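Results of the structural survey
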Amino acid sequence: MSTHLHHLISLAELDATTIGRLLDRAERMREASLHGTRRLDLLAGRTVLNLFFEPSTRTRTSFELAARRLGAIVVNFDLARSSTNKGETLLDTLHTLEAMHLDAIVVRHRETGTPAFMVRHAMSGVSIINAGDGNHAHPTQGLLDALTIRQHHPDFTKLRVAICGDIRHSRVARSDIHALCTMGVRELRLCGPASLLPETSEVPGCQVLEDFDAAIEGVDAVIMLRLQKERMAATLLPDEASYFQQYGLTPERLARAAPGCLVMHPGPINRGIEIDPAVADGAQSRILEQVGNGVFVRMAVLAEALGR
Amino acid sequence: MSTHLHHLISLAELDATTIGRLLDRAERMREASLHGTRRLDLLAGRTVLNLFFEPSTRTRTSFELAARRLGAIVVNFDLARSSTNKGETLLDTLHTLEAMHLDAIVVRHRETGTPAFMVRHAMSGVSIINAGDGNHAHPTQGLLDALTIRQHHPDFTKLRVAICGDIRHSRVARSDIHALCTMGVRELRLCGPASLLPETSEVPGCQVLEDFDAAIEGVDAVIMLRLQKERMAATLLPDEASYFQQYGLTPERLARAAPGCLVMHPGPINRGIEIDPAVADGAQSRILEQVGNGVFVRMAVLAEALGR
Amino acid sequence: MSTHLHHLISLAELDATTIGRLLDRAERMREASLHGTRRLDLLAGRTVLNLFFEPSTRTRTSFELAARRLGAIVVNFDLARSSTNKGETLLDTLHTLEAMHLDAIVVRHRETGTPAFMVRHAMSGVSIINAGDGNHAHPTQGLLDALTIRQHHPDFTKLRVAICGDIRHSRVARSDIHALCTMGVRELRLCGPASLLPETSEVPGCQVLEDFDAAIEGVDAVIMLRLQKERMAATLLPDEASYFQQYGLTPERLARAAPGCLVMHPGPINRGIEIDPAVADGAQSRILEQVGNGVFVRMAVLAEALGR
């Protein structure tokens, strides 16, 4: 595997050493920040462009802050006003942007494979950083989740983790699975209604369960996924209340997990659908730590990809 | 009252010393700017986020310029594309943004009380700066109006000022009233159609008048408010022409004021509705001075709130 | 003509010395960039505002990168959310922005003459840079096209150039004509369907032809224009396939030009309408060089307009 990261498309391509190095680097970014050094000049004079074909304020803002705090010039490519409504193709957009001498393009697209397609067709040395493509991958989310877990439990090999919700269609789940399996997590359980679960053959080394009470038993961290309303119909659960009853993370269910079990969620939260507000805002919630780590992980990725 | 300002929600909470200090600081920002020092590094490494739930190009741009000229990183939170359309609550948005280690959030919201609500629920040391909430307050507008007046008339205690228009629903009027009363203005007259005037009990120390000719008599400054078209129906005036006849600031009416009376307006102007173009663009107009002072006042507020 | 450029409205007002100086300056910007100096501080502390009344991601991004790489503060005036929807006039917008002490306004507007109107009414020393107005002018496009040609053929007086497409309604064509005629190009041929050609009296010194095969014969550079779909109806050509047959740049047609003829297009490209993909992406295409030169030309123009 690569020892130096230039593009970041999926965590499937990274080994444990590379992931560990990125997490270490994110940790150093966090420490520098805590000591008041909020702005570094590692990327002074470099240009990062946010190319978001799907709306996302959280992730775009997180990448924008990460790049700016490293001193980069950041340009947001505003798609509502973009030339793509003049019928320009993705390739023309890519090559046009490259011709303006960008150092990195952070891309989000509803279609799986768009960032990898851009890597294959890039004509310059531009770094392509995947900020989420279709159901495929959201690698910085996988890294920030791994970082958040590691801050509480430094040794992944001792950990049991559950991910609950629409695993089948979730790029977050896919990147979490890659990160946690690569880091050697002891047990990884994937849980949700049958129609939202992956084939077991797709997730080697993971347990696939429909019963959330069983899945959460004794775990050290539980990652709840957002239920997309449009997926509700695909489940056999007639409504959100039924979903909450079977798959919502309540205080009672959380009590089945290991003491101090980390409660995680990529956000934004559907309170009362996949998670009880008392748990989302409770003492075990790490949801806001995840957000904070998101900026540090993205700083680390950009620094690695664009670094000297 | 506070000696150091951390949040700015309303001028009602500020005493004359604090307001005076902010005006002095804005004045020093202006002088530095006139001497060619357009960029300072007071806020280098700090992050300011513009969180505008209501559209406003003028005010957002003014805050953005203020923060950038002090060296801050500024991120605009674009609501059209925001996760709030995924049903995220205001509190989740606030806490998510805080988790990204922001130093200040500049917020505008159509609902009264949103910035104060954010202060009560903030979990970090983030400064909340109100850029206008409902009918409640627009404190930087109050400060910039006070600064503009003070540049021409250093002693507030000698001044007569009139505010004319939809006082009842105007956050600008409310903040102007707080600023001018706190600074000890000699007379403050509020004028407009009966249905657009406040209860006299709400505005102690002010005169409330329906007759604009009487209200403007002898004043040193007149602040005209923008007539929101949707308020027209609430008045007994059948149309805009009638409104202009009774409450429009014409050269004839202006002649009733003190010589050199300052003509002010928060913008954008409805020419021919609340103000005659000859007055808006005339020699006594201070409208563009207000805009310029807006940037300096916002620099002062940000420097005070985020300063070392 | 001016020896120092303060505004840039149209190339019609520039002499060959001024255009040559701007091209030289752009070339130095390019060289600095190639040597790794991507950020300069020529415009540190200066403020540039992008005022785009028409959507354009490419041109806005190019100007934004140019200004930021020179160290300027750049603010994008977002029209979807702007106060202009409160009925503010263009003049009020201009004067309000000026009051915030901007150094330059980069303006694009669908109406011819808007930038010149702003120059006439500006009250401060703000520079107005035209980023395209109606059918009138797009001067930085004219400059970047001249720069791209000059990089391959230093002596304009030996060159034959053809421009093909909707010449009549194209601000790009108009600015290209000014740039190339001023620089003394040997032959300039304008080609397109009769309804899309200018009057010969409007383009002194140019040849006006309907036959593309004749127009392209022996030229050293051919500039293809984008066909606006709404113009199709004005031609006698019943559909896009017919347009392509008569005016599309195919490998066969390109073979009629001089060896190594430069293929240029302002973008975005309509593949298969005005240009064959094999030509657009072929070895003679200079389209991406044009994009890269766009940033350097805009750096040169901003540095000249705002320079010490």
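Given the structure is predicted, the values throughout are model-derived calculations rather than measurements. (Residues numbered from 1 in each chain as written. Chains lettered and ligands numbered in written order. Predicted model: local features only at pLDDT ≥ 70, side-chain atom pairs only at ≥ 80, totals over all residues. Heavy atoms only, no water.)

**A closer look at the overall build of chain A**
Quick note on the threshold: A run of DSSP states H or I qualifies as a helix once it reaches four residues; a run of E qualifies as a strand once it reaches two. Both are numbered from the N-terminal end. Taken over C-alpha atoms, the radius of gyration is set against a globule rule of 2.2 Å times the number of residues to the power 0.38. For the exposure calls, accessible area comes from a 1.4 Å probe over protein chains only, and a residue counts as buried if that area is under 20% of its type's maximum, exposed if over 50%, partly exposed in between. The Shrake-Rupley method, run with a 1.4 Å probe sphere, supplies the accessible areas, and residue values consider only the shown protein chains as cover. A residue counts as positive if it is Lys or Arg and as negative if it is Asp or Glu; His and the chain ends are not included. For this purpose, a charge sits on NZ of Lys, CZ of Arg, CG of Asp or CD of Glu.
When helices and strands are counted, chain A shows 12 helices and nine strands. Relative to the compact-globule value of 19 Å for 308 residues, chain A shows a C-alpha radius of gyration of 19 Å, a close match. Of all 308 residues assigned to chain A, the portion counted as buried reaches 61%. Summed over all atoms, the accessible surface of chain A reaches about 10900 Å², with 52% contributed by carbon and sulfur. On chain A, the mean spot of the 33 positive side-chain charges and the mean spot of the 36 negative ones are 5 Å from each other.

**So, the interface of chain B and chain C**
Rules: We call two residues in contact whenever any of their non-hydrogen atoms come within 4.5 Å of each other. By definition, the buried area sums, over both parts, the 1.4 Å-probe accessible area that each loses when the two are put together. Take a side-chain nitrogen of Lys or Arg and a carboxyl oxygen of Asp or Glu: if they are within 4 Å of each other, that pair is a salt bridge. Any N or O atom pair separated by 3.5 Å or less is treated as a polar contact, with the protein-specific requirement of one donor-capable and one acceptor-capable atom, and with residues adjacent in sequence counted only for side-chain atom pairs.
Each side of the interface is counted separately: chain B has 26 residues, and chain C has 25 residues. The contact between chain B and chain C buries some 2400 Å² in all, and 54% of this surface belongs to carbon and sulfur atoms. Our count for the contact surface shared by chain B and chain C stands at one salt bridge. For the pair chain B and chain C, the interface holds seven residue pairs in polar contact (both at pLDDT 80 or more). Contributions of two or more residues to the side of chain B that touches chain C are made by α2 (57-69) and α12 (287-306) of chain B. Counting residues per element, the side of chain B that touches chain C draws most heavily on α2(B), at nine residues.

**Some words on the interface of chain A and chain B**
Note the following rule: Basically, the charged four are Asp, Glu, Lys and Arg, the nonpolar ten are Ala, Val, Leu, Ile, Met, Phe, Trp, Tyr, Cys and Pro, and anything else, Gly included, counts as polar.
Every contact between the two is made by 26 residues of chain A and, on the other side, 25 residues of chain B. Around 2400 Å² of area is buried between chain A and chain B when both sides are counted, 54% of it from carbon and sulfur atoms. Put simply, chain A and chain B have one salt bridge between them. Of the charged contacts, one joins B:Asp92 and A:Arg271 as a salt bridge, the two residues approaching to 2.4 Å between their closest N and O atoms. Inspection of the region where chain A meets chain B yields seven residue pairs in polar contact (both at pLDDT 80 or more). Counting only elements with at least two residues in the side of chain A that touches chain B, the list comes to α2 (57-69) and α12 (287-306) of chain A. A per-element tally of the side of chain A that touches chain B places α2(A) first, with nine residues. When its residues are assigned to classes, the side of chain A that touches chain B shows 11 nonpolar, five polar and 10 charged.

**So, the relation of the copies chain B and chain C**
Selection rule: Alignment of copies: least-squares fit on C-alpha atoms of residues with pLDDT of at least 70 in both copies.
For the pair chain B and chain C, the superposition axis carries a translation of 0.0 Å, the fit reaches an RMSD of 0.0 Å, and the rotation angle comes to 120°. In the structure described here, the two chain copies are related by an operation that fits a three-fold rotation axis. An overlap of only 12% is found between the interface residues of chain B and their copies at the interface of chain C, pointing to separate contact surfaces.

**A closer look at the packing of aromatic side chains**
Residues and elements named next belong to chain B. Here is the rule: Pairing of aromatic rings covers Phe, Tyr and the six-membered ring of Trp, with a centre-to-centre limit of 6.5 Å; geometry is then stacked below 30 degrees between planes, edge-to-face above 60, and tilted otherwise. Only when the NZ atom of a Lys or the CZ atom of an Arg is both within 6 Å of the ring centre and within 35 degrees of the ring normal do we say a charge sits over the ring.
Per the counting criterion, the structure on display carries three aromatic pairs over all chains. Considering the side-chain rings of Tyr 243 and Tyr 247, the 5.6 Å spacing of their centres and the 40° angle between planes classify their relative orientation as tilted. Placement of both Tyr 243 and Tyr 247 in helix α9 (residues 240-247) is noted, with a separation of four residues, approximately one turn of the helix. Residue placement shows Arg 298 over the ring face of Phe 63; its charged tip is 5.0 Å from the ring centre.

**Concerning the nonpolar core**
Soluble globular proteins tend to pack their nonpolar side chains together in the buried interior. Using the following cut-off: Among the buried residues, those of types Ala, Val, Leu, Ile, Met, Phe, Trp, Tyr and Cys that are joined through side-chain atoms within 4.5 Å form a nonpolar core.
If you look at the biggest cluster of nonpolar residues, it comprises 78 residues, and the most contacted ones within it are A:Leu143, A:Ile163, A:Leu188, A:Leu302, B:Leu51 and B:Ile105. Considering each element in turn, this core owes the most residues, 11 residues, to α12(A). Residues within four places of B:Ile105 in sequence aside, it is in contact with B:Leu49, B:Leu51, B:Leu94, B:Leu97, B:Met118, B:Val126, B:Ser127, B:Ile128 and B:Ile129.

**Some points on the relation of the copies chain A and chain B**
Rotating chain A by 120° and translating it 0.0 Å along the rotation axis places it on chain B, where the RMSD comes to 0.0 Å. In this assembly, only 12% of the residues forming the interface of chain A have copies in chain B that are likewise at the interface, indicating a heterologous arrangement.

**What to know about the environment of A:Ser10**
All names here are of chain A. Mapped onto the fold, Ser 10 is located in the segment before α1 (16-34). Residue classification places Ser 10 among the buried residues on the basis of a relative accessible area of 7%. Taking C-alpha positions, Ser 10 is 21 Å from Met 224, a pair spaced 214 residues apart along the chain. When sequence neighbours within four positions are dropped, the list of residues in contact with Ser 10 reads His 136, Ala 137, Pro 139 and His 178. Side-chain polar atoms of Ser 10 contact the backbone nitrogen of Ala 12, separated by 2.9 Å.

**As for α2(A)**
Along an α-helix, residues three or four positions apart point the same way, because every turn accommodates 3.6 residues. Residues and elements named next belong to chain A. The condition is simple: How far a helix is expected to stretch is found by multiplying one less than its residue total by 1.5 Å.
Relative to the 18 Å expected for 13 residues at 1.5 Å per residue, α2 spans 18 Å between its end C-alpha atoms, a close match to the ideal helical length. Here α2 lies mainly inside the structure; 13 of its 13 residues are buried. In this structure Ser 56 caps α2, since a side-chain oxygen of it lies 3.2 Å from the backbone nitrogen of Thr 59. Just downstream of α2, Gly 71 is the residue with a positive phi angle, here 90°.

**Thoughts on the pattern of salt bridges**
Applying the stated criterion across every chain yields a total of 60 salt bridges over all chains. Between B:Glu187 and B:Arg160 there is a salt bridge; the shortest N-O distance is 2.9 Å. Of this pair, B:Glu187 sits in strand β6 (residues 187-191) while B:Arg160 is found in strand β5 (residues 160-164), placing the two residues 27 residues apart along the sequence. B:Arg160 sits in the partly exposed class, given a relative accessible area of 22%. We note a salt bridge from C:Asp24 to C:Arg150, for which the minimum N-O separation is 2.9 Å. Placement of C:Asp24 in helix α1 (residues 16-34) and of C:Arg150 in helix α5 (residues 139-152) is noted, with a sequence separation of 126 residues between them. Since its relative accessible area comes to 18%, C:Arg150 is described here as buried. Three or more residues joined by partner-sharing salt bridges are found here, namely A:Arg21, A:Arg25 and A:Glu304.

**Considering the sheet that holds strand β4 (residues 127-133) of chain B**
Residues and elements named next belong to chain B. Let me state the cut-off plainly: A pair of strands is considered paired only if DSSP assigns at least 2 bridges between the two. Convention adopted: a line fitted to C-alpha atoms gives each axis, helices being fitted over their contacting stretch, and angles between N-to-C directions are expressed from 0 to 180 degrees.
Ordered by their spatial adjacency, four strands build an open sheet running β2-β1-β3-β4, and the pairing between neighbours is parallel. If you trace the sheet from one side to the other, it starts and ends with β2 (73-77) and β4, each paired once. Recorded for the sheet is a direction-independent mean angle of 15° between the axes of neighbouring strands. Note: strand β1 (residues 47-52) against strand β3 (residues 104-109), five bridges, orientation parallel. Each residue of the ladder has a partner; that of Leu 49, found in β3, is Ile 105. Sheet contacts for helix α4 (residues 114-121): β1, β3 and β4; angle to β4, the most-contacted strand, approximately 165°.

**Quick notes on the packing of helix α3 (residues 90-99) of chain A against helix α12 (residues 287-306) of chain C**
Formally: Geometric relationships in this document are graded by angle, where less than 35 degrees denotes roughly parallel, more than 145 denotes roughly antiparallel, 65 to 115 denotes roughly perpendicular, and other angles denote oblique. Crossings are classed by handedness, with left-handed meaning an anticlockwise turn of the near helix from the far one by less than a right angle and right-handed meaning a clockwise turn.
In the contact formed by α3(A) and α12(C), the axes pass within 8 Å of each other and the chain directions differ by 45°. When the interaxial angle is binned, α3(A) and α12(C) end up oblique. In this structure, the crossing between α3(A) and α12(C) has a hand that is right-handed. When α3(A) is examined against α12(C), the residues A:His95, A:Thr96 and A:Ala99 are found in contact with a partner set consisting of C:Leu288, C:Val291 and C:Gly292. Counted by class, the contact of α3(A) with α12(C) contains three nonpolar, three polar and no charged residues.

**What about the domain arrangement of chain A?**
Residue and element names in this part refer to chain A. Rule in force here: Note: domain ranges come from an automatic or database domain assignment.
Examined at the domain level, chain A breaks down into domain 1 (11-137 + 291-306) and domain 2 (139-290). Between domain 1 and domain 2, the contact holds 32 residues from the first and 28 residues from the second. Summing the contributions of domain 1 and of domain 2, the shared interface buries around 2400 Å²; its carbon and sulfur component is 59%. The interface formed by domain 1 and domain 2 contains two salt bridges. The interface formed by domain 1 and domain 2 includes 17 residue pairs in polar contact (both at pLDDT 80 or more). Looking at the side of domain 1 that touches domain 2, the elements with two or more residues in it are α1, α2, β3 (104-109), β4 (127-133) and α12. With nine residues, α1 is the single largest residue contributor to the side of domain 1 that touches domain 2.

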